Amino acid sequence: MTSLSLNQLLVIFAWFPLAMLILFALLIARFYGKFSNQKTYSRYFLIPVILFGISAVRYASLDSAVGDPIGDILIGIAGFVLAILVIRLYWLMMMKRKDKEE
């Protein structure tokens, strides 16, 4: 049985708060979509959770915080997808509200 290094523990345990935050955004998108009859694509919030999880496992298995091209690409794709989803959700929630005020 191998012991985990501090880097491996930090990489794996850092993923859990990140996943909780993304899942919270998923719940917000699902709630808003349900009551506003807008398509929020809430299930696509799982893509960044999965991609961040895969990259965390890769980094932990290599026992390195940098230098894994596949892990870096996965983090980049996950961040891009998450940014698009969050910006779209923000736009749906705020622009609809702005239209009602005018």
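As the structure is a computational prediction, the values presented were derived from the model and not from experiment.

A.B. asks: What should I look at first to understand the overall build of the chain in this one?
C.D. replies: A count of helices and strands for the chain gives three helices and zero strands. Looking at the chain residue by residue over its 102 residues, the buried ones come to 28%. Sequence-distant contacts in the chain: of pairs separated by 6 or more residues, those separated by 24 or more amount to 63%. Carbon and sulfur atoms form 71% of the exposed surface of the chain, whose accessible area is close to 7,400 Å².

A.B. asks: Just checking my understanding: could you explain the packing of aromatic side chains for this structure?
C.D. replies: Both the distance between ring centres and the angle between the ring planes are used here to describe each pair of aromatic rings. Tallied over the full model, the rule gives four aromatic pairs. Ring centres of phenylalanine 13 and phenylalanine 16 lie 6.2 Å apart, and the angle between their planes is 35°; this geometry places the pair in the tilted category. Pair noted here: phenylalanine 13 and phenylalanine 16 are both in helix α1 (residues 6–36), with a separation of three residues, about one helical turn. Centre to centre, the rings of tryptophan 15 and phenylalanine 16 are 5.1 Å apart; their planes meet at 70°, and the pair counts as edge-to-face. Residue phenylalanine 16 is classed as partly exposed on the basis of its relative accessible area, which comes to 41%. Cluster of aromatic residues (ring-pair linked, three or more members): Phe13, Trp15 and Phe16. The cationic tip of arginine 43 hangs over the ring face of tyrosine 44; the distance from NZ or CZ to the ring centre is 5.7 Å.

About the cut-offs
Residues numbered from 1 in each chain as written. Predicted model: local features only at pLDDT ≥ 70, side-chain atom pairs only at ≥ 80, totals over all residues. Heavy atoms only, no water. Helix = DSSP H or I, 4+ residues; strand = E, 2+ residues; numbered from the N terminus. Buried < 20%, exposed > 50% of the residue type's maximum accessible area, 1.4 Å probe, protein only. Contact = heavy atoms within 4.5 Å. Areas by Shrake-Rupley, 256 points an atom, 1.4 Å probe, with all protein chains shown as cover. Phe/Tyr/Trp six-rings, centres within 6.5 Å; stacked < 30°, edge-to-face > 60°. Lys NZ or Arg CZ within 6 Å of the ring centre and 35° of its normal.

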